[in-house]
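# Secondary and tertiary structure notes
The primary structure of each chain is shown beneath.
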2 protein chains.
Amino acid sequence: MLRRLFLHHARRRHHSSFSASAASVPLSTPAFAVFGANTGVGKTLVSAGLAAALLSSPSPPVSSVAYLKPLQTGYPADSDARFVFSRTPALLRASSSPRATRLVASCRTLFPSPAVGAEAEPLHESQEKVLTYGGDGSEETKVLACRTVYAWREPVSPHLAAEREGMAAGDDEVRGCVEQWLLEECVAEGGEVWKLLETAGGVASPGASGTLQCDLYRSFRLPAVLVGDGRLGGISSTLSAYETLMLRGYDVSAVILEDRSLSNDKFLLSYLRNRVHVLTLPQIPEDPSDDLTDWFFESSSVFNFLKDALQSFHSRRIERLNSMQRKSKDLLWWPFTQHNLVPQDSITVIDSRCGENFSTYKIKDNKMMLVPQFDACASWWTQGPDSNLQIELARDMGYAAARYGHVMFPENVHEPALHSAEVLLGGVGKGWASRVYYSDNGSTAIEIALKMAFRKFSLDHGILSGGEKNIKNERHIQLKVLALNGSYHGDTLGAMEAQAPSAYTSFLQQPWYSGRGLFFDPPTVYIKNEVYNISLPQSMQHDPQVSRDTCFSSQAEVFCKTRDKSSAADLYLSYIKQQLSEFSLSSNSEHLAALIIEPVIQGAGGMLMIDPLFQRVLVSECKSRKIPVIFDEVFTGFWRLGVESASELLGCLPDIACYAKLMTGGIIPLAATLATEEVFESFKSDSKLTALLHGHSYTAHAMGCTAALKAIKWYRDPSTNLNLVTDHMKLKEVMKYVD
Amino acid sequence: MLRRLFLHHARRRHHSSFSASAASVPLSTPAFAVFGANTGVGKTLVSAGLAAALLSSPSPPVSSVAYLKPLQTGYPADSDARFVFSRTPALLRASSSPRATRLVASCRTLFPSPAVGAEAEPLHESQEKVLTYGGDGSEETKVLACRTVYAWREPVSPHLAAEREGMAAGDDEVRGCVEQWLLEECVAEGGEVWKLLETAGGVASPGASGTLQCDLYRSFRLPAVLVGDGRLGGISSTLSAYETLMLRGYDVSAVILEDRSLSNDKFLLSYLRNRVHVLTLPQIPEDPSDDLTDWFFESSSVFNFLKDALQSFHSRRIERLNSMQRKSKDLLWWPFTQHNLVPQDSITVIDSRCGENFSTYKIKDNKMMLVPQFDACASWWTQGPDSNLQIELARDMGYAAARYGHVMFPENVHEPALHSAEVLLGGVGKGWASRVYYSDNGSTAIEIALKMAFRKFSLDHGILSGGEKNIKNERHIQLKVLALNGSYHGDTLGAMEAQAPSAYTSFLQQPWYSGRGLFFDPPTVYIKNEVYNISLPQSMQHDPQVSRDTCFSSQAEVFCKTRDKSSAADLYLSYIKQQLSEFSLSSNSEHLAALIIEPVIQGAGGMLMIDPLFQRVLVSECKSRKIPVIFDEVFTGFWRLGVESASELLGCLPDIACYAKLMTGGIIPLAATLATEEVFESFKSDSKLTALLHGHSYTAHAMGCTAALKAIKWYRDPSTNLNLVTDHMKLKEVMKYVD
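This is a predicted model, so every value here is computed, not measured. (Residues numbered from 1 in each chain as written. Chains lettered and ligands numbered in written order. Predicted model: local features only at pLDDT ≥ 70, side-chain atom pairs only at ≥ 80, totals over all residues. Heavy atoms only, no water.)

### Things to note about helix α12 (residues 387-404) of chain B
Residues and elements named next belong to chain B. Here is the rule we go by: Only DSSP runs of H or I reaching four residues or more are called helices, and only runs of E reaching two or more are called strands; each is numbered from the N terminus. Each residue after the first adds 1.5 Å to the expected span of a helix. Each residue's exposure class comes from its accessible area (1.4 Å probe, protein chains only) as a fraction of the maximum for that residue type: buried when under 20%, exposed when over 50%, partly exposed otherwise.
Counted at 1.5 Å a residue, the expected span for α12 with its 18 residues is 26 Å, and the 25 Å between its end C-alpha atoms agrees. Across the 18 residues of α12, 18 count as buried, placing the element largely inside the fold. With its phi angle positive at about 55°, Gly405 sits one or two positions after the end of α12.

### Focus on the pairing of strand β27 (residues 656-659) of chain A
All names here are of chain A. Quick reminder of the rule: When DSSP locates at least two bridges between a pair of strands, those strands are taken to pair.
Along β27, one buried face is formed by Ile656 and Cys658 and the opposite face, lined by Ala657 and Tyr659, is buried too. Here three bridges tie strand β26 (residues 629-632) to β27, and the two strands are oriented parallel to one another. Across the sheet, residue Ile630 finds its bridge partner in β27, namely Ile656. Bridge analysis of β27 against strand β28 (residues 671-675) gives four bridges, and the strand direction is antiparallel. Its bridge partner lying in β28, Tyr659 is registered against Ala672.

### Let's talk about the interface of chain A and chain B
To keep things clear, this is the line we draw: Here, residues are in contact when the closest pair of their heavy atoms is within 4.5 Å. When two parts are put together, the accessible area they lose, computed with a 1.4 Å probe and summed over both, is reported as buried area. Any Lys or Arg side-chain nitrogen located within 4 Å of an Asp or Glu carboxyl oxygen qualifies as a salt bridge. Contacts described as polar in this section are N or O atom pairs within 3.5 Å, which, within protein, must combine one atom able to donate a hydrogen with one able to accept it, while residues neighboring in sequence count only if both atoms come from side chains. Following the grouping adopted for this structure description, the nonpolar residues are Ala, Val, Leu, Ile, Met, Phe, Trp, Tyr, Cys and Pro, the charged ones are Asp, Glu, Lys and Arg, and the polar ones are all others, Gly among them.
Residue-level contacts link 172 residues of chain A with 170 residues of chain B. Considering only the side of chain A, the residues that lose the most area to chain B are Trp333(A), Phe507(A) and Trp512(A), jointly responsible for 7% of the buried surface there. Counting across the interface, chain A meets chain B through 14 salt bridges. In this structure, Arg403(A) and Asp251(B) form a salt bridge, with 3.8 Å as the shortest nitrogen-oxygen distance. For the pair chain A and chain B, the number of links is 94 residue pairs in polar contact (both at pLDDT 80 or more). Counting residues per element, the side of chain A that touches chain B draws most heavily on helix α12 (residues 387-404) of chain A, which supplies 13 residues. Looking at side-chain class alone, the side of chain A that touches chain B contains 82 nonpolar, 54 polar and 36 charged residues. In this sheet, strand β14 (residues 412-413) of chain B lies alongside strand β11 (residues 348-354) of chain A in parallel orientation, the contact comprising two bridges. Across the sheet, Val349(A) pairs through a bridge with Val413(B), a residue of β14(B).

### A look at the nonpolar core
We apply this condition: Within this scheme, the nonpolar core is defined by two criteria: the residues are buried Ala, Val, Leu, Ile, Met, Phe, Trp, Tyr or Cys, and they are joined through side-chain atoms within 4.5 Å.
Ranked by internal contacts, the top residues of the largest apolar core, which has 390 residues, are Tyr438(A) and Tyr438(B). In this structure, Tyr438(A) is in contact with Phe409(A), Ala417(A), Ser420(A), Ala421(A), Leu424(A), Leu670(A), Ala671(A), Ala672(A), Thr699(A), Ala700(A), Cys705(A) and Leu332(B), ignoring residues within four places of it in sequence.

### Some details on the pattern of salt bridges
Oppositely charged side chains are able to pair whenever their charged atoms sit close together. Evaluated as defined, the whole model comprises 69 salt bridges over all chains. A salt bridge links Glu497(B) to Arg516(B); the shortest N-O distance between them is 3.6 Å. Remark: Arg516(B) occurs in the loop between α15 (493-497) and β19 (517-520) and Glu497(B) occurs in helix α15; sequence separation between them is 19 residues. Side by side, Glu497(B) and Arg516(B) carry an identical accessibility label, which is buried. A salt bridge links Asp655(B) to Lys623(B); the shortest N-O distance between them is 4.0 Å. Here the residue Asp655(B) occupies a position in the loop between α19 (646-650) and β27 (656-659), and Lys623(B) occupies one in helix α18 (residues 612-624), the gap between them amounting to 32 residues. On the accessibility criterion, Asp655(B) (18% relative accessible area) is buried. Taken together, the shared-partner salt bridges in this structure form one network comprising Asp215(A), Arg248(A), Glu392(A), Arg395(A), Asp396(A), Lys710(A), Glu243(B) and Arg275(B).

### Focus on the sheet that holds strand β8 (residues 224-227) of chain A
Residue and element names in this part refer to chain A. Put simply, the test is: Interaxial angle, 0 to 180 degrees, is taken between N-to-C directions of lines fitted to C-alpha atoms, where a helix line uses only the stretch in contact.
Pairing is mixed in the open sheet, where nine strands are placed in the order β5-β4-β6-β3-β7-β2-β8-β9-β10. Two strands close off the open sheet at either side, each with one partner strand: β5 (127-133) and β10 (277-281). Looking at each pair of strands side by side, their axes are set apart by 20° on average, direction ignored. With five bridges joining them, strand β9 (residues 252-258) and β10 adopt parallel strand pairing. Bridging from a neighbouring strand, Leu257 pairs with Thr280 of β10. Against the sheet, helix α6 (residues 171-183) makes contact with β2 (31-36), β3 (62-72), β4 (101-112), β6 (140-151) and β7 (192-198), and its axis sits at roughly 175° relative to β3, the strand it touches most.

### Focus on helix α21 (residues 702-716) of chain B
Residue and element names in this part refer to chain B. An ideal rise of 1.5 Å per residue puts 21 Å on 15 residues; α21 measures up with 21 Å between its terminal C-alpha atoms. Summarising burial for α21: 12 of the 15 residues are buried, a large majority. Among the residues of α21, Ala702, Met703, Gly704, Cys705, Thr706, Ala707, Ala708, Leu709, Ala711, Ile712, Trp714 and Tyr715 are the ones counted as buried.

### Observations concerning the packing of α12(A) against helix α21 (residues 702-716) of chain A
Describing two packed helices takes the angle between their axes plus the distance from one axis to the other. Residue and element names in this part refer to chain A. Selection rule: These descriptions rest on fixed angle ranges, namely under 35 degrees for roughly parallel, over 145 for roughly antiparallel, 65 to 115 for roughly perpendicular, and the rest for oblique. Crossings are classed by handedness, with left-handed meaning an anticlockwise turn of the near helix from the far one by less than a right angle and right-handed meaning a clockwise turn.
Close contact between α12 and α21 brings their axes to 9 Å; oriented N to C, the two are set at 150°. One element, α12, and the other, α21, form an angle in the roughly antiparallel class. Considering the relative orientation of α12 and α21, their crossing is right-handed. Across the interface between the two elements, Leu389, Glu392, Leu393, Asp396, Met397, Ala400, Ala401 and Tyr404 from α12 touch Ala702, Met703, Thr706, Ala707, Lys710, Ala711 and Trp714 from α21. For the contact of α12 with α21, the residue count by class is 11 nonpolar, one polar and three charged.

Have a look at this one:
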C-alpha cells in the first residue's frame, strides 16, 4: 500500500478547465457564499443587510466582516462592493449599539478592465472611512473590508465582458484570489471574523472563463446562502437553483427571498421544510431614488434571523466535524484495519472530494481548517476522473436514479445496461468477447469467471456431457486453477481459493481456505540503470544461455513479439510443460480447469511487472490444452496502464475477463465479466438448472451502468484529460520501484 | 419466484401525494411536453410556431396536431390554447402549401373555475373554424385541436388560484385527463398525429395541488422541449431548469430560446453540445399591439428546424426501443437465466420506473405503447419507496456524487458512512450491536458475518489463543455452520457453503460446493381455514402430546412468548440437543462455529414461515453453548415484515446480522454486517494480520450510505407511506400461500 501511495504521488499533475486545484479553507472564520436564484434578486442587499446584522451582533460579537465580489460587471456604474461599503455603515448607525463603536470601512477594486477608464480611478484606490456611533464609554473598533477583484465596464455576463474588453480572468487566478482572501488574517480583535463572497448573476451564470459560478467556487464548498426569487415563476427558479447547488455538492444554509405578495415564500417554506431555513424580506421599493433606508429598517429583524441561522449552521458544522473522529472510532469497523493500531487523531475526516483531491478537516496550530489532500492511491485505484467528469457523473447519477430507480435484471433490458454492454464489447472486449455478465465488484466478477471457465472446461474435457450436462461421478472431480504466486483476485472466500497461499490466507483470516490451484513463480521485470532486466525465479535459473535474453534497452523491446522466438520463450515453455505434466502425473481426479492471471502487472501483490513473454507463452499453452484463460483486469483495465485493456500490451486475448474499479469513473460499484460466445454456449441447454446461478439484488443497476457508459466514453475522448487516468500508473514508474 | 409475484400482487395498493399511478403512453402518435426555464419565456409562441411547422410539414406529412394546456390561470384574459387556436391558422395560410388544405381548428376549455364568470361562457363552448388555403387540386383535411383542462381567473400560480377560487384539481384527475388525451384517436387521416402538452410556468412551478410541474407529469415522461431564457441571467435559469428536468429522469429533446443579443444561445450551444439541440428565436417584439406576424414569419425556419429535430428525436427513440430486445438477446448474459428458454419477444423492455411501476415498451394490436407494469416482486425485494422517495433519492444521489465522488474507507470517515452507521445501530442494531461493517451485497455481508463468527468461536473455544491469536494445528480444524434446510444466504461460493445441499448446489453450478454445515429440518407455520398450524418435520413427529400445541387462532399466539413454556418448546429443545450431541460424537476435528438463520421467513427458499418458537429455542441453545448467532436479514430487514427488524417479531437477538436490499431504498447496492462489541473485540490485537480482511473498492461509498440514511429515516417517518414497504409482504399473506 505504501508503495502504491508513493507511486501515485510520483506521477505528473494535470488540471483541466475548471478542475479545481487544492484549496485551503479556514473554519475559524466563518465564510458563506451568496448565490442567486437569478440575477437581480437582491444578492447585494442581502450581503449588506447581513454584514450590518453581523457587525451589530451582541453575541457572539463580530469584530470584522470581509466582503468579496470576485467578478463585477457594469463597473464603475455598478459596484456591489461599493454598495455594501457605503450602505452598511448607515445601517449600523441606525442600529442601537450599546457601546461606542469605531467602524473602519474600506472599499477596493483590484483589477479594473482597461475599458473602465480613468474617471473611475479613485474607485480602485483603497477608499476608507471611519465613523463612530452608538453609546459612549470604552470604544471598540470594528472592520468592514469590501473588495472587488475583477471589474469590467459592460453590464453583461463576465464571460462576454472579459472577451469584449480584453481582460481575461482564469479560473485558477480567481480561485487563487479567493483562497488568499479566505486565509487573510483580519486586524480587528475581540470578536469573530466573518467572510461573505458574493457570486455573479445566478448559480449557473458563467464566470469570466465561461465556468459556471457553482463550478468555479466548488473547491471551497462554502455553505451557500441562496437568494430566491419572489416574482412570478420564482418558485421554479429558486427550486431549480437549489437543485443546481445540490448537484455540485453544496450545502444550502438558508434561502431568503423578497415578498412580492405571491406567497412564493410560503410554498418554498413547506417544500423545503426540515431541509433549509426559508426567510422572507419585505418588498423592495422599485423607485430608484429610494435610498432603501426604510426598507433596511423593516428588514433588520429578518437579517438578524438570517445571521442567527448562519451562526448556528456554522457551529453545528464545526460540532459535527469535531465529533467525527471519536464517533467513527466508536461505531465503524474498517476492512483490512487493526483498530488497535489506529489512534483516534490519525483518522482522516473527509469533508468532500473535488477531482483528485480530498478536502479534509484538520486542526493546524490551533486553527480549524479544511486542507486539501491528494488521493494518493486513487482510493484503491477506483479514481481517474477530474472534477469535470465528477460533475457530469453527478448529474447522470441523479438522472439515472430518477428515471429508473432500480430494475431487476433477468429477462429485462434497459438502455444503460444495454449501451454499457455495447461500449464494453466494443472496447476491452473487442475482437474476442461477445457477452457481458454484470455483477457488483471485482471479487464476484472473478467467481463468475471461475464458474464460466469450469463449465467450459468440464464440457471440453468430457467431465460433463450432452445438452443435459450430465455429470459422471460428481464429487470425485476436483477442479483447480492455474495461477501465479503473488497474484490477488479479491476477498470473497471463493476468489481467495484462486490465490496462492500467503500471510493473508491463513486460518486466521480465511478459515475455509485450501488454495485450489497450481501456482507458478513468474519471471518479473525491473529497471536498473535505465536497463530493463528480467529476473528469473529459482526454478528457471539453471539454463545459462537464457541470460542473453534478459536485458533490454527499451520498454518496447520487453513487449516485442519477436521475443516469442527467443531462447527465453523456449525456457518458459519447457518449464510450463514440465510443471503441467508433473501435476497431471501426481493427481488423478484433479484438473487444472482455468488459467487466471492479472495481465502485465500484479496490483495488490506489490505492483510487480511480470515478463509479458512468460504470460504470453502461458496463455498460448493453456489455449492449446483447452484450458480456459481468465484475465483479471479489475486493476489493469481502462487505461490504468495507458491502454484500454492490458491485453493490448500483452499481445494475446483471454476467453473470459473481469472488470470493475475505473469502469464507473470511480463513483459507484459495478463489475462486468466478459466472455466469448463459446463460453456462453457451454451454459445453454433446455434445463434451467444449467444456467449460471450467480446474481445480486442490484445486478446491472441503472446508476452503475450509466456511470460506466459516461466514464468509458470520457476516457476514450481524445479531448478529455486522460492523464488523470493513465498517470496514476505509468509502466515506467511502476518498474522504477520494483528493482 | 411465481409465488413471490403472486404474493406481491396480493397486497393493497397505496399512492402518496404525487406518487404517479400507472400511465399508458402511445408512441405511434409523437407527444412532447413544452417546459419553460421560467414563466414568460414564450412557451406558447413556441407551441404555436411548432404546431404550424408540423401541420405544414411535407414529409412525413402531419395530419393533426392536438395541443393541451392542463392548467391555465389568468383566464379568460389569458388562454394559451386560444392563442394557438387563433394564430396557427394564420401562420399556415402564410406558409406555401402545395396542395389545397382544409384546416379544421377547434378550441375548448373543459373546467373553468366559478370565478371565471359568465361573460367568458362562449369560450368554454367548443369553438371551431374551418379554413382552406394553399394550391388547388385534390383537397386534404388537417386538424388542430386545442384544449384547456382547468382554467382559473387570477393570473397567479395554479396552487394559489385553485385555493382562492375554490376549484381544486387533484394530481390524479389532471393525469387522468392527460392520459385520456394521449390515448384519444384523431379523426384526421393520411399523416402523423402529433401532441403537444404545454406546462404552466417554469419546470418547478407548482400545479393546482402544489405538486411541481416536473413531478406532476413524470409518469408519462414525455420528451421535453425546454424553452430557455434569453434575458440577463437566462443562462443560469436555463441550465438549472435543464438539471431539474434531468433530476426527474426526463430526456430533453431541444432547448429553444429568444435572442436578446446577450449570446445566451451561443453559450448554451457550447455548454450543451453533444447533448441537446439549442435553437435561437429572433427577439420578440415588446409592443403588445404587434400581432407578431412578422416575428412568426422570421421564425418559421427555426420552427421548421425544431420540428425536424423533434421528428428525428422521436424516430431515434422508436428505433432504440425496437432494437432493444434483439440486442439484449445478443449481448447480455442474465443471471439465473437459461437463455434457451427466453424467446426474444418475451424480453421486457423497461423504459423507466416511477415508484412501484415500470414503464415498459410493448406493441399492442400493432400500436407501439409504453405500458405500465407493476414491479411484482419489487425487483427482488429491493424496492419499497414510492415515487416521492425516488425523487428525493435522485437528488441525494446527485448531491453525494458531486460532494464525494468515492472515498476509500479504511481509517477514513465521511458523514454519510458515519451517519448511516448511527441510524443502523439506533434501529435494526438497537439493544445489541455496536459496530457496522459495510460491504457491497448480501452475499459479501454473509461471508463477513461468517468470518466474524468463526473468529469469535475460535477464541471462545480455545482454537485460537491470546492476543497473538496463535492457532493450534491449523488445518485439522474444520469450522462448520448450523443452519436450516431451505435457507438461502447468497450466491458467492463462500455464502453457498452455508446453505444445505439442493438442486442449486450441485457440481454443475457450484463446482467447489461441499456444504459446510449441519442442517436441520425446521417446523413451519401455515394457515388453513383461518387457523394457524405448525407442521412438524418427520424427525419430530413421534411425540403425540405436542399436537395440542400446534394450532393457534391468531398470529399473536404464534409469536407469543408464553409458548416458551409449552411442550413444543421441550420437544424442540430435546431435538436440537440430540442433534448437536450426535454431531459432536461423530466428528472430532469439526466444530459448529456459527448458527445462521433467516429470522421468521425463509425468502428465496420459498417464502416459508418457520415456527418462531423453534428459532427462539435454537438461538438460546446456541448462545448457551457460545456458538455465535447470525441473523440473515437481507430479505427480512427494514419493515419487509412490518417491523424494522424481524428480531422484534422473533423476540430474541443475534450476535451478528446482515442487511442489504431495502436498506438503500431500492436504488443502489450497499450492505452492512452489524456486530456486538464482543465480536469486534475478538479481532483486536497488535498485529495487522489479525484484522478482518474483507473489503471492496467501493466499501461504504458515499452514494450508498446517503441513500441508506434517507431511506431508513423515510421508512421510520410515520407521515410517509410505509404501506409501500410493509404491504410487499404481510405475514398473513405469506402464510396464506404456504398451505
